[in-house]
Amino acid sequence: MKSIDAQYYLKKIKQQHRLRKVVEALLYSAAFFFALYALLQLLGIANTHQLVFSVSCAVLFFVFLGYKIFHINESRIINFINHRYPFLEESADLLLQEDQNLNSLQRLQKSKIFEQFKATYKSIRLPLKLGQAAGLLCVSILIFLIAQRFYSPTSEHSMAKDQPSTENIKHHLPVAMERATITISPPTYTLIRPYTVNDFNLSIPEGSSVTWSITFSDSSIQAQIIMPDDTLVLRHQKNNNVEISRSFNKSSIYQFRWITKNGMDRTSDFYSISVTPDKPPSIVVQDISPFTSLALSDKLSISLTSVLQDDYSVTDAYIIATVSKGSGESVKFREEKLRFSQPEKIVGKEVKAKRTLDLLSLGLEPGDELYFYVEALDNKVPIANRIRTETYFISLQDTASENSGVEAGLGVDLLPDYFRSQRQIIIDTEKLLKDKKFLMKNVFNSTSNALGHDQKVLRLRYGQFLGEEFESGIGPQAKATEEEHPEEDVTKKFGHTHDTEKEHNLVEEKKEKDDHGHQHTADQSENPLEGFIHEHDNAEEATFFIQSIKLKLKAALTLMWDAELYLRLYEPAKSLPYQYQTLKLLKEISNESRIYVHRTGFDPPPVKEDKRLTGELTNVKSTRAQSTTESQLDYPEIRRALSVMEHTYAQKEVKLSSTDKAILQKAGNELATLALEHPEKYLTTLSLLKALHDDEINPEKLKDAVREIRKNFWEALPVKTPSPYALESNGHPLNQLFMKQLNDLNHE
Amino acid sequence: MSDRWLAFYPIFSPAVIVVVVVLVTIAFAWMEWSRKLRFRIWRIVSLMVVMLSLSGLIFRPAVPRKKNSSAIVLLTSNYRTQTVDSLVRLFPELTILQAPESEKYNKGEYLPSFHSLTALQGNIRFVVGDGLPLHALDLLNEKEFDYIPGHPHEGISELTLPPVMVNALTTIQGTYTNHRKFSTITLRSPAGDEDAVQVSPGINHSFELLFTPKQVGNFLYHVQLKDSSGSIVEENPLPISITEAKKLNILFLQHFPTAEVRYLKNFLAEQNHAIAVRYQLSKGTYRYEFANSSPRLTDKINTALLAAFDLVILDTDVFQSLSVSEKNSLKESIDQGLGAIVLFHDLPSKINGLKSFLPVSFTKVKQDTVAVHIRGYTHVFPVTSETILPNRSVQSVVDSKGRILAGYIHHGFGKIGFQVLQETYPLIIQGKKDSYAMLWAPMLTQIARNEKVPFQLNVITEGPLYTNEPVDIEILSSGNQPFLFADSVRIPLAEDVLLDDRWSGRAWFENAGWHSFQFSGDSTLHHVYIFNPGEWESWRANVQTKMNRLSHPHHRDKEMETVLDYRPISAWYFFILLVCAAGFLWLAPKL
């Protein structure tokens, strides 16, 4: 071996050492990774985060170790060799030097150790901890495997979704149960196939049959299902299996109860059964309003479209139509059941049914009406759900006999709804003036104009009593003089007066004041029929009202003209005085135009004051009635238990005596009735009560359990109506003395 | 201590120390002398110095110092350091003493307990911080000191809780001080949040919390202070003792049945009050109805009959038809505590004899309807067109915009009430029974006869009650001597010297939680709640501050005494000497 070979071998030693160190670092990093992964798993951190974090830390660790590895160079190796191999006499570094760079002594030393190096270089071993690293890796792998064995996954990914498993009950199976299978068999008509669920808390259609199939660890276990209204004994099948079935029409709660072979009575948690009722079908009638009025000239066939929906299936739907003919006492009704033309058969979850109602073919004539509603049934067994819509009305107008009372002006019909009275116009005018500040000018003007129109309509309406529309003219008019016709009592002239015996009881007829003298005009000719005819188209001869009323009406019409004028000119403030005067006149007119008739019917004899209140009272005695309201405190057991819970909650350590547990059990029975209606609210409390009773709660969670139970007990109690009560006071002698002196002061 | 030039405060018995030191010194001196080393004399001297230093550390000698003042500044918890610094600067000779549990001040010395205050009578010049607790104040005969409050406490500074009846709407009133520490005060019942109120920053602002308890008993509510993010910054328990409400015995007198009284009667009967109703059928002929009570009415109204009732409700028609003797009997019964309510069927001014019975004045008003706010809703009722003129003797129960609709005046021990609302029964027909109850229940409660109790117990200690602190109670008796037990322990009571039948006593409770007082021969329990130290800090501090403010300032012209104050020599001196001497002893052999 030449000296140059020594350098080569030193380099080689260095490279080999580095490689081994890398392997060692890898082993350490791997050990670190497995240990960290296992630790994170036991802490329950999610898989992805766990993996990423562990890998990152292992890489960082490797980088840290690798940093040190790549600082290993020849000089460090030489130092190690010098230290480790004394026979090299601390001169191994000479092997790296060239001879020409060494002095004679160094060359001598070099040659001396060279021989030694040559003999021993193969056995040079640099420090390495591969074994330790490997051992550490094995230990960390072992820890990893142990962690895997005891790891309980919290994420949902560990459970198969949408695959109802026969063995995978969501809730912790009670210890004695090895396996539990629940099969739900909905009623046949729902067309839902039987299925299994993986949760003891059930949500089932109404009428479904539930089959529990449970395998206990011991075949001799006697098991039951306890419900508020029933107890089911699970029947033994083969292979330690017990089974029972029952159908449900309403929600309930249940728990398992079993007696072990040692005679111990065990119960499970509480579970809920939520029953989804079969809802009746829904019907939506499209494009028809509840009230339709048609003329003969309109299209007399109506297209009826109904959308029928049900949670399972609609089996039938039809239209019940009733035709009404005639009016008054001679009205006749005829009912018919009509089928939908499309589709021919009503079946399915959603059906769009159509039918055209031909009014003429139904026999409707002008003046008749058709009432109809749609009824639908679903496929519920045994009694189908039935529903009907509201009633729709279609009337066929009879234009021939229609009463046009609004325009005829006979004056005896009721005013139509749109007709505004003078009072209403005044109110609207005042409102308009009040809101003037807040309205834009064009709105103000248009409203004023609209009021002017209403005033005009009113004027025309009243003008009809006097005949022609334009009789009164526009603008201020001179007061019309009274005519010379003597005032006459219209009722006496044209009415019938039979009963005149008790005329002293009649209200005196108003005598008309003759303000103006009558003057027969020269050109007035005498008409023998004058006194008997009705001249409604002649304002002067209109005989509906008596003379002064006519004058007032005329004056009112004149005032209405003026009011309308200012309203049209957008000056409602100026129109108001005219409106007030008009209203006053109209009121006077309506008062004066009243007709008083004789009373008909029974006239009782006048009361004799001297005999009043002198009746015999011997048979009239004082009476008594007595009643008692039963005062029943609601939820008495819950109230008692609430006190126990409050006392327990206030203690540092939760301790329940046997008496307390008995009270809690009774409260649980009361709470169970509430849990039937609100399982989501009280079922957990029932479970907590049971666990508390059986001492199954961890000591560190006892306080939380007590708090939760206390909260639910409090929520279960209803809020009662506030009631008055008696306050307390003490009868201290000083109070009495004070009152006495106060009274004496008052009396002084 | 006496006027010596040096005083000692040995850790152990001096005799023992002297003997041990002397023996050890002799032994070590002989050993040193025996050693054949240089510096023998110096070594012996060093040894003596070592032993003397050790003795100094053990004996703790003190030298006297004259002071011109015995004035003390007492630091209590939550004192301001700047205030104390200023006081010390102004009065350098002040002795700084600290109450237990106060924060450490540089030169302050802690009192072993508040009982030490007895020895410091008259010397306390300043009290700084939250002040002395009430029981500590009692130890000082002369409360002549200047009180300087500390940092203001943020939180609830006062709480008032009335007697709580089951199913009755109850109001908690209080005040708070807030510098933006919290923005909401929440009342939490066992079922969860009961009521909450938003608060703004300020000092001694008032607030109210409402709740309706559902069950009789002692319950622990909580009052939470939350910040703007909803986090709880402070939570304290609020003990609520809920008692059963005593039902009333009510008599209705009517000329003829009315819907108003019928619905009121049925409403009260459903709630198990004892009701008796009398209608007049004819002269001298009546119809009686009894609900939850035994028949006992007679035609004549007299004091014996009325003594069995807590409340009489009569309309103005009946009132006018009562004879003179019946009216006198009614007045006499009201004097003795009966409550009476008059329902107006006619304008009050037209009722004969009303003024002598109900001495209030009425005036005409235009409105014949009135809007009343109940539970956040507005209800409109018809009302008589005459209203009560405001009067100091009239207590309002229901009002609307200043107009009294229902109220009462005191008459002797009883009250005479009036109600001008005409038709309130439609509330029941509309299904608003709670609103109806809120309208009638307060009036009936306040006007009805008070239930007489033989003893009335009041806790007069202000603020929250704590463990191992005295609870002062006052008892008003109706003539009998009370025997009081606190948790079955008899409490000695002292009767007031000037006022008969007024007793006082003091009790202590060792444990936190519910405790009860009970009178001998009476099954009624009066519950009190004892808090743990640290609860309701701001309330406690506020009460304490208030009581300390009542102290009188110190008289400045009082002569200051000259006193000797022994100051211990710093142990550092002895320690340094010890180290040096021991160091020489160690070094000597090496030299």
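Cut-offs applied
- Residues numbered from 1 in each chain as written.
- Chains lettered and ligands numbered in written order.
- Predicted model: local features only at pLDDT ≥ 70, side-chain atom pairs only at ≥ 80, totals over all residues.
- Helix = DSSP H or I, 4+ residues; strand = E, 2+ residues; numbered from the N terminus.
- Buried ≥ 20, exposed ≤ 12 C-beta atoms within 10 Å, placed from the backbone.
- Contact = placed C-beta atoms within 7 Å.
- Pairing = 2+ DSSP bridges.
- Nonpolar A, V, L, I, M, F, W, Y, C, P; charged D, E, K, R; others polar.
- Axes fitted to C-alpha atoms, helices over the stretch in contact; angles between N-to-C directions.
- Core = buried A, V, L, I, M, F, W, Y, C linked by C-beta atoms within 7 Å.
- pLDDT = per-residue confidence, 0-100.
- Parallel < 35°, antiparallel > 145°, perpendicular 65-115°, else oblique.
- Left-handed = near helix turned anticlockwise from the far one by under 90°.
- Expected span 1.5 Å × (residues − 1).
- Bend = angle between axes of the 7 residues up to and from the residue.

Draft legend 1. Broad picture of the overall build of chain B. Check the secondary structure of chain B and you find 13 helices and 37 strands. Going through the 591 residues of chain B one by one, you find that 34% of them count as buried. When contacts within chain B are restricted to residue pairs at least 6 apart in sequence, long-range pairs at least 24 apart make up 63% of them.

Draft legend 2. Spotlight on the overall build of chain A. Per the secondary structure count, chain A includes 16 helices and 20 strands. For chain A, buried positions account for 23% of its 748 residues. For chain A, the share of sequence-separated contacts (at least 6 apart) that also reach a separation of at least 24 residues comes to 69%.

Draft legend 3. Quick peek at the sheet that holds strand β4 (residues 208-216) of chain A. Residue and element names in this part refer to chain A. With antiparallel pairing, five strands are arranged side by side in an open sheet as β2-β1-β4-β8-β7. Either end of the sheet is taken by a strand with one partner, and the two such strands are β2 (195-197) and β7 (235-236). Bridging between β4 and strand β8 (residues 241-248) involves eight bridges; their strand directions are antiparallel. If you follow W212 over to β8, its bridge partner there is I244.

Draft legend 4. Looking closely at the interface of chain B and chain A. At the interface, 57 residues of chain B touch 39 residues of chain A. Where the side of chain B that touches chain A is concerned, the elements lending two or more residues are β14 (217-226), α5 (259-270), β17 (274-282), β18 (285-291), α11 (433-447), β28 (451-453) and β35 (513-519) of chain B. Considering only residue class, the side of chain B that touches chain A consists of 25 nonpolar, 19 polar and 13 charged. Of the pairings in the sheet, the one linking strand β20 (residues 728-730) of chain A to β28 of chain B comprises three bridges and is parallel in character. Looking at the pairing, S729 of chain A lines up with K452 of chain B of β28 of chain B.

Draft legend 5. Broad picture of the sheet that holds strand β9 (residues 252-259) of chain A. Residue and element names in this part refer to chain A. With mixed pairing, five strands are arranged side by side in an open sheet as β3-β10-β9-β5-β6. Because the sheet does not close on itself, it has two edges, and the strands there are β3 (202-205) and β6 (231-233). Going across the sheet, the axis of each strand differs from the next one's by a mean of 25°, ignoring polarity. Direction of pairing for β3 relative to strand β10 (residues 265-276): parallel, over a ladder of four bridges. Counterpart to L202 in the pairing with β10 is I273.

Draft legend 6. Inspection of the nonpolar core at higher detail. Core analysis: the biggest nonpolar cluster contains 65 residues, and I250, L311, V312, A340, V342 and L405 of chain B have the highest contact counts within it. It is α11 of chain B that contributes the most residues to this core, eight residues altogether. Beyond its immediate sequence surroundings of up to four residues, V312 of chain B is in contact with L251, L253, L306, L338 and A340 of chain B. Among the nonpolar cores identified, the runner-up in size contains 44 residues, and I225, L642, A667 and L686 of chain A belong to it.

Draft legend 7. Geometry of the confidence of the model for chain B. Residues of chain B with pLDDT of at least 70 account for 96%, and the chain-wide mean is 87. Predicted as a complex, the structure gets a pTM of 0.59 and an ipTM equal to 0.75.

Draft legend 8. Layout of the pairing of strand β12 (residues 192-198) of chain B. Residues and elements named next belong to chain B. Two strands pair when backbone bridges link them, and strand β11 (residues 184-189) and β12 are joined in this way by six bridges, in the antiparallel orientation. By the bridge assignment for β12, T186 is matched with A196. Linking two consecutive strands that pair antiparallel, namely β11 and β12, is a turn of two residues.

Draft legend 9. Summary view of the packing of helix α13 (residues 658-677) of chain A against helix α14 (residues 679-693) of chain A. All names here are of chain A. It is at 9 Å that the axes of α13 and α14 come closest, and there the two elements cross at 160°. Judged by the inter-axis angle, α13 sits roughly antiparallel to α14. Relative to α14, the crossing made by α13 is left-handed. Each of K661, L664, Q665, G668, L671, A672, L674 and A675 in α13 lies in contact with α14, whose residues at this interface are P679, Y682, L683, T685, L686, L689, L692 and H693. Here the residues of the contact of α13 with α14 sort into 11 nonpolar, four polar and one charged.

Draft legend 10. The confidence of the model for chain A, seen in detail. On average, chain A scores 80 in pLDDT, and the residues at 70 or more come to 81%. With pLDDT under 50 throughout, residues 497-503 of chain A is counted as low confidence; its partners more than four residues away or in other chains account for two contacts.

Draft legend 11. Highlighting the environment of P162 of chain B. Residue and element names in this part refer to chain B. On the secondary structure map, P162 appears in the loop between β8 (155-160) and β9 (164-165). Judged by the 10 C-beta atoms lying within 10 Å of it, P162 falls in the exposed class. As for P162 and Q173, which are separated by 11 residues in sequence, their C-alpha atoms are 8.9 Å apart.

Draft legend 12. Molecular detail of α13 of chain A. Residue and element names in this part refer to chain A. The end-to-end C-alpha separation of α13 is 30 Å, in line with the 28 Å expected for 20 residues at 1.5 Å each. Where α13 bends most, the angle comes to about 30°, and this point is L671. Buried positions along α13 lie against β9, α12 (636-650), α14 and α15 (702-716).

Draft legend 13. Up close: helix α1 (residues 14-34) of chain B. An ideal rise of 1.5 Å per residue puts 30 Å on 21 residues; α1 of chain B measures up with 30 Å between its terminal C-alpha atoms. Here α1 of chain B lies mainly on the outside; zero of its 21 residues are buried.

Draft legend 14. Quick peek at the pairing of strand β19 (residues 311-315) of chain B. All names here are of chain B. The buried fraction of β19 is high, at five of five residues. Where burial is concerned, the two faces of β19 agree: the one with L311, I313 and D315 and the one with V312 and L314 are both buried. Bridge analysis of strand β16 (residues 249-254) against β19 gives four bridges, and the strand direction is parallel. Residue pairing in the sheet places F252 in a bridge with I313 of β19. With five bridges joining them, β19 and strand β20 (residues 339-343) adopt parallel strand pairing. Each residue of the ladder has a partner; that of D315, found in β20, is L343.

Draft legend 15. Seen up close, the packing of α12 of chain A against α15 of chain A. Residue and element names in this part refer to chain A. With their axes 9 Å apart at the nearest point, α12 and α15 run at an angle of 145° to one another. At the point where α12 passes α15, the crossing takes the left-handed sense. Contacts from I638, A641, L642, M645, E646, T648 and Y649 in α12 reach V706, R707, I709, R710, F713, W714 and A716 in α15. By residue class, the composition of the contact of α12 with α15 is 10 nonpolar, one polar and three charged.

Draft legend 16. Region of interest: the environment of T322 of chain A. Residues and elements named next belong to chain A. Checked against the element boundaries, T322 lands in strand β13 (residues 301-325). Accessibility expressed as a C-beta count within 10 Å gives 14 for T322, which makes it partly exposed. T322 sits 48 residues away from L370 along the chain, and the two C-alpha atoms are 5.7 Å apart. Ignoring any residue separated from it by four or fewer positions in sequence, one finds T322 in contact with F333, R334, E335, Y371 and F372.

Draft legend 17. Highlighting unusual backbone geometry. Here the bond from Q342 of chain A into P343 of chain A is cis, since omega is -10°, no more than 30 degrees from zero. In this structure, P343 of chain A sits in the loop between β14 (332-339) and β15 (348-358). Even without a glycine there, the phi angle at R60 of chain B is positive, about 50°. Here R60 of chain B is to be found in the loop between α2 (40-59) and β2 (61-67). Note on R60 of chain B: 15 C-beta atoms within 10 Å, which makes it partly exposed. Non-glycine residue E101 of chain B carries a positive phi angle of around 75°.

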